[in-house]
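Coordinates in review
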Amino acid sequence: MAIPKCPHCNATRFQLTENEPMDANYKIFILHCVGCGAPAGAMEYIVPSVLIAQQEKKLLNIQERWSRLTGQNGGLAKVDSGFDYAANFSSVACVA
Ligand SMILES: [Zn+2]
């Protein structure tokens, strides 16, 4: 397996640092050479798998609250419009 080397100083160790680019409203990670500090790459600050897990937790919370709401005293099974909310939204699928 090839070992990545810094093109400036041939060091083989790199580190991530958090950076907020000027005039930007977001952060990124920059991969720097440990030997000379030269940037070797940039990565998104937000990790998609963490965001998906957070959204899944929120959806499950909404589903639980909705189940309690529709289950109490007949809940909101049928509202004025006649639309059967309980039948149509009794389960919330979470596709990850
Ligand atoms: Zn270097």
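Residues numbered from 1 in each chain as written. Predicted model: local features only at pLDDT ≥ 70, side-chain atom pairs only at ≥ 80, totals over all residues.

With that settled, consider the overall build of the protein chain. When helices and strands are tallied, the protein chain shows two helices and three strands. Seen in sequence order, the protein chain has helices and strands lined up from the N terminus as β-β-β-α-α. The 96 residues of the protein chain split such that 1% are buried. By sequence separation, contacts in the protein chain at least 24 residues apart represent 29% of the contacts at least 6 residues apart. (Helix = DSSP H or I, 4+ residues; strand = E, 2+ residues; numbered from the N terminus. Buried ≥ 20, exposed ≤ 12 C-beta atoms within 10 Å, placed from the backbone. Contact = placed C-beta atoms within 7 Å.)

It is worth spelling out the pairing of strand β3 (residues 39-44) at this point. Among the six residues that make up β3, zero are buried, leaving the element largely open to the surroundings. Where strand β2 (residues 28-33) hands over to β3, the hairpin turn is made up of five residues, of which Gly37 adopts a positive phi near 85 degrees. (Pairing = 2+ DSSP bridges.)

Quick look at the confidence of the model for the protein chain now. On average, residues of the protein chain carry a pLDDT of 83, and 74% of them reach 70 or more. At the level of individual helices and strands, the protein chain shows its lowest average pLDDT in helix α2 (residues 85-88), which scores 64, and its highest in β2, which scores 96. (pLDDT = per-residue confidence, 0-100.)

This brings us to the sheet that holds β3. Spatially, β1-β2-β3 is the arrangement adopted by the three strands of the open sheet, whose pairing is antiparallel. Since the sheet does not close on itself, it has two edges, and those belong to β1 (14-19) and β3, each with one partner. Strand-to-strand twist across the sheet, computed as the mean angle between neighbouring axes with direction ignored, equals 25 degrees. Here β1 runs beside β2; their pairing, made up of six bridges, is antiparallel. Following the sheet pairing, Leu16 is matched in β2 by Leu31. (Axes fitted to C-alpha atoms, helices over the stretch in contact; angles between N-to-C directions.)

Backbone geometry at Asn10 places phi at a positive 65 degrees, although glycine is not the residue there. For Asn10, the position within the fold is in the segment before β1. Overall, the presence of 10 C-beta atoms within 10 Å leaves Asn10 in the exposed class. For Asp23, which is not a glycine, the phi torsion comes out positive at approximately 65 degrees. Mapped onto the elements, Asp23 comes out in the loop between β1 and β2.

Next up on the list: the environment of Pro7. Tracing the sequence through the fold places Pro7 in the segment before β1. For Pro7, a count of 10 C-beta atoms within 10 Å translates into the label exposed. Sequence-wise, Pro7 and Cys33 are 26 residues apart; in three dimensions their C-alpha atoms are separated by 9.4 Å.

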